[in-house]
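Summary of the model geometry
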Amino acid sequence: ENIIFILLIWILGMSIIGIIVNVFLIYLKGFIIGFSLSSFFLVYGYKGLLAGFIYAFPTSIIYILICLLLGVYSILFTLNIFNKDRSLDMKRFIKKYVLILIISLVLVLVSSLTEGFLVPSLLKVVTKLFI
């Protein structure tokens with residue numbers, strides 16, 4: 001799911017409508033993570049704050065930073081495509097855009113593996129000790 005989301009941001013960066021959709025997608029992803037964390041805190045109080053921190057810190061923070069980085073580059077790419085002044089070297093910018101995609105995909109893969117294997121074990125330990 002995260003890889004599809006990253007690829008969607010990257011592909012939408014190649015069109016003019018991508019600016020609006022990318023900003024909305026990044027806002028939506030941040031809202032969902034914030035809503036989840038506030039639900040942990042509301043239901044479990046301060047103990048939920050610890051569980052929410054473990055839930056969000058290793059994976060969600062990295063994922064949001066990746067989405068922001070790719071979102072900024074997708075907006076820059078869109079603006080450079082439709083820029084009348086061609087003083088910018090487009091081949092170099094496209095190579096940089098593809099490199100950002102590859103780095104983002106690798107980091108999202110690491111983040112997803114961490115979320116799938118490390119976070120459940122940490123949450124199990126924390127819930128046994130504190131909650």
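Let me sum up the structure you'll find in this document.

Conventions we followed
Residue numbering note: each chain is counted from 1, following its sequence as written. Where totals are concerned, whole chains, interfaces and linings use all residues; where local detail is concerned, this predicted model gives features only for residues with pLDDT of at least 70, and gives and counts side-chain atom pairs only at 80 or more. Side-chain figures throughout are based on the complete set of non-hydrogen atoms in the structure, without hydrogens or water. What counts as a helix is a DSSP run of H or I of at least four residues, what counts as a strand is a run of E of at least two, and both are numbered from the N terminus. Here, expected helix span is obtained from the residue count minus one, scaled by 1.5 Å. Think of it in three bands: residues with accessible area under 20% of the maximum for their type are buried, residues over 50% are exposed, and the middle band is partly exposed, with areas taken using a 1.4 Å probe on protein chains only. In what follows, residue pairs with any heavy atoms lying within 4.5 Å of each other are defined as contacts. Two aromatic rings from Phe, Tyr or Trp, using only the six-membered ring of Trp, form a pair when their centres are within 6.5 Å; if the ring planes differ by under 30 degrees the pair is stacked, by over 60 it is edge-to-face, and anything between is tilted. Any Lys NZ or Arg CZ that is within 6 Å of a ring centre and within 35 degrees of that ring's normal is treated as a charge sitting over the ring.

Below, the discussion takes up helix α2 (residues 18-44). Its 27 residues place the ends of α2 39 Å apart at the C-alpha level, agreeing with the 39 Å of an ideal helix rising 1.5 Å per residue. Taken together, the buried positions of α2 are occupied by G18, N22, L25, I26, K29 and I33. For α2, the elements touching its buried residues are α1 (2-12) and α4 (60-81). Immediately downstream of α2, the backbone of G45 shows phi near 70 degrees, a positive value.

Moving on: α4. Across its 22 residues, α4 extends 31 Å between first and last C-alpha, which sits within 8% of the 32 Å expected from 1.5 Å per residue. Along α4, the residues that are buried comprise S60, Y63, I66, C67, L70, G71, Y73, S74, F77, T78 and N80. Structurally, α4 contributes buried residues whose contacts are with α1, α2, α3 (46-56) and α5 (90-129).

Taken as a whole and assessed by the stated rule, the structure comprises 7 aromatic pairs. The interplanar angle of 20 degrees and the centroid separation of 5.3 Å between the aromatic rings of W10 and Y97 together place this pair among those described as stacked. With W10 in helix α1 and Y97 in helix α5, this pair connects stretches of sequence that are 87 residues apart. Given the relative accessible area of 1%, Y97 is considered buried. Where F77 meets Y97, the ring centres are 4.5 Å apart and the plane angle is 5 degrees; that geometry is what we call stacked. With F77 in helix α4 and Y97 in helix α5, the pair connects residues that are 20 residues apart, well separated along the chain. On the accessibility criterion, F77 (6% relative accessible area) is buried. When the ring centre of F5 is taken as origin, the NZ or CZ atom of K29, which lies over that ring, is 5.0 Å away.

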